[in-house]
Amino acid sequence: MKILLIGSGGREHALAWSIAASALTEDLLIAPGSDAMAALGRCIDVSVDDLDGLMELAASEAPDLVVVGPEAPLVAGLVDRMEAAGHAVFGPRQAAAQLEGSKGFAREICAKFGIRQPGFTICTDLAAAHAAIDATGGACVIKADGLAAGKGVVVADDADEAKAAAAKMLAGRFGDAGATLLVEERINGPEASLFALIDGPNALFMGSAQDHKRAFDGDRGPNTGGMGAVSPAPRLSDELRDQVMDEIVLPLARGMADDGTPYRGILYVGLMLTADGPQVIEFNCRLGDPEAQVILPRLRSDIVAVMLATVEGTLGHVSLRWDDRSAVTVVMAAEGYPGTYDKGSAIGGTDAVETEDVILFHAGTKIDADGTLRAHGGRVLAVTGLGADVTAARNASYDAIKAISWPQGFYRRDIAAS
Ligand code: AMP
Ligand code: GLY
């Protein structure tokens, strides 16, 4: 089969790695891909935001399956356009991708189907936000409704902090994404992420992970896209997994299918494991980054067969096989990330790090004609280690990192340590 993968980051490198390993893959095209991904498929320089360019590419290449990695083109309706042009696509249509594109939509749909979540109020002006904040007693969470690259959430300790955050969002700090905001009840507990494949009414557990979002050790520093992850999520027991599938994922899938906005693709369920049970923190309409870099290496089933079953609506006949080992990925980022950082510094020592237990995924690199590897992004590498348990997987990842020389980079030393 000919497969077109859309994206260029570490998540897409992991997807490309899995798709290239499938017995069904004859030809893998990646738009735009990256220098590192060129070892796995043909990279074609069309950006993920260039929906017209992607449509033209699909028309000229006629892939058997299109796989969309990042959220922006999903929320912008790429799948609807591809389907209208007759292409088979793995990823939700625009209406279903609103689970990520609009936090208010996600909350309202959970409320409609009786899915456990924190209390919330949707506001479009400051007076309403103030009233909602005061009603929570002050400890609450302020969220921009739309996509804000993971930055549109403020967990506030008191009403003043919450009101200041609401004022900034409504004043346009996140553009249109913050024109509507949510004031949420602040809940407590460890976090875990569960992934599910959904083909409309059917849903299948697709792994769990826990990521580390703060930049520095000890969960300090600014929020990032994710500095590392572990799979399976250590705190998500089999019982909790089943509870989340039965009480969150399946009611959502069936409800959306009944409503005429079926979800098709992979759903990322961000959970807080409260004393009263799991509650939904957020949904994403795609795999996580760097969660993909720990989930996909553990998947033993053929990823392309699984994606086709999702697209064709036959997930009810599929069961997935998993590697029993744990996986830990540690992200190496450019000094300064998630703020400003330089590009172009050379990274040495990566040639020999990959073993049976170590996979190097590239999130933001370039490779010179002479083979020199250079940093070309904020998050630059994700070093995944596999091992019999979390400790062994961690050790595999950190031992590999020791062999990499990159003075302009940094990484957390406590990924999967607690
Ligand atoms: P989100 O982008 O919605 O995942 O939110 C980012 C982070 O804010 C989450 O990972 C949680 O740590 C925290 N958070 C979001 N919503 C809540 C909530 N209602 N109560 C407590 N913490 C929250
Ligand atoms: N690692 C968080 C995300 O992919 O949204």
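See the structure shown above.
Presented here is a report on the structure given in the accompanying data block.

So, how was this worked out
Residues numbered from 1 in each chain as written. Chains lettered and ligands numbered in written order. Predicted model: local features only at pLDDT ≥ 70, side-chain atom pairs only at ≥ 80, totals over all residues. Heavy atoms only, no water. Pairing = 2+ DSSP bridges. Helix = DSSP H or I, 4+ residues; strand = E, 2+ residues; numbered from the N terminus. Near = heavy atom within 4 Å. Polar contact = N/O pair within 3.5 Å; in protein donor to acceptor, adjacent residues only side chain to side chain. Areas by Shrake-Rupley, 256 points an atom, 1.4 Å probe, with all protein chains shown as cover. Nonpolar A, V, L, I, M, F, W, Y, C, P; charged D, E, K, R; others polar. Buried < 20%, exposed > 50% of the residue type's maximum accessible area, 1.4 Å probe, protein only. Phe/Tyr/Trp six-rings, centres within 6.5 Å; stacked < 30°, edge-to-face > 60°. Lys NZ or Arg CZ within 6 Å of the ring centre and 35° of its normal. Core = buried A, V, L, I, M, F, W, Y, C linked by side-chain atoms within 4.5 Å. Contact = heavy atoms within 4.5 Å. Salt bridge = Lys/Arg side-chain N within 4 Å of Asp/Glu carboxyl O.

Glancing now at the sheet that holds strand β20 (residues 365-367). Taking strand neighbours across the sheet as the criterion, the three strands line up as β18-β21-β20 in an open arrangement whose pairing is antiparallel. Two strands in the sheet have a free side with no partner beyond their single neighbour: β18 (346-347) and β20. As paired strands, β20 and strand β21 (residues 373-375) are joined by three bridges and run antiparallel to one another. Considered in β21, the bridge of K366 is made with R374.

With respect to spatial proximity, 15 residues lie near ligand 1, and among them K143, E185, I187, E191 and E282 are the closest. K103 places a polar side-chain atom, nitrogen or oxygen, 3.2 Å from an oxygen atom of ligand 1. E282 places a polar side-chain atom, nitrogen or oxygen, 3.0 Å from an oxygen atom of ligand 1. In the complex, the protein chains occlude 88% of the 470 Å² of accessible area that ligand 1 would expose alone. Put simply, the parts of the chain that give the shell around ligand 1 at least two residues each are β7 (140-144), β8 (153-156), β9 (181-185) and β16 (277-284). Among the residues forming the shell around ligand 1, the class breakdown is seven nonpolar, no polar and eight charged.

So, about the pairing of β9. Most of β9 sits out of view: four of its five residues are buried. Sheet topology places strand β6 (residues 120-123) next to β9; four bridges connect them, and they run antiparallel. From the neighbouring strand, T121 faces β9, where its bridge partner is V183.

Around ligand 2, the structure places D211, G225, Y268, N284, R286, G288, D289, P290 and E291. Within the side chain of D211, one N or O atom sits 2.9 Å away from a nitrogen atom of ligand 2. A distance of 2.9 Å is found between an oxygen atom of ligand 2 and a backbone nitrogen or oxygen belonging to D289. Alone, ligand 2 offers 200 Å² of accessible surface; in the complex the protein occludes 89% of this. A class-by-class count of the residues in the shell around ligand 2 yields two nonpolar, three polar and four charged.

Here I44 is to be found in the loop between β3 (42-43) and α2 (51-61). Residues I44 and L4 lie 40 residues apart in sequence; the distance between their C-alpha atoms is 9.9 Å.

A word on the packing of aromatic side chains. Summed over the entire model, instances satisfying the criterion amount to four aromatic pairs. Ring centres of F216 and F410 lie 6.0 Å apart, and the angle between their planes is 55°; on these two criteria the pair is classed as tilted. In this pair, F216 sits in strand β12 (residues 214-216) while F410 sits in strand β23 (residues 409-410), placing the two residues 194 residues apart along the sequence. The exposure class assigned to F216 is partly exposed, which follows from its relative accessible area of 40%. Residue F410 is classed as buried on the basis of its relative accessible area, which comes to 12%. Positioned over the ring face of F205 is R241, at 5.3 Å from the centre of the ring.

Attention shifts here to the nonpolar core. Membership of the largest hydrophobic core comes to 49 residues, with the highest contact counts inside it found for L99, L194, V249, V269 and F283. If you tally residues by element for this core, the top one is helix α9 (residues 238-258), at eight residues. Those residues in contact with V249 that lie beyond four places of it in its chain are L194, A196, I198, A203, V244 and V269. Counting residues in hydrophobic clusters, the runner-up holds 40 residues, among them L197, A229, V304 and A327.

Attention now goes to the pattern of salt bridges. Throughout the structure, instances matching the rule amount to 24 salt bridges. Where R42 meets D27, a salt bridge forms, and the shortest distance between an N and an O atom there is 2.8 Å. Within this pair, whereas R42 is found in strand β3, its partner D27 is found in strand β2 (residues 27-32), the two being separated by 15 residues in sequence. Since its relative accessible area comes to 23%, D27 is described here as partly exposed. The closest approach of N and O atoms between R286 and E100, which form a salt bridge, is 3.1 Å. Here R286 is found in the loop between β16 and α10 (292-295), whereas its partner E100 is found in helix α5 (residues 94-101), with 186 residues between them in sequence. Residues joined in a network through salt bridges with shared partners are K2, D27, R42 and E61.

Read these as geometric descriptors, not functional statements.
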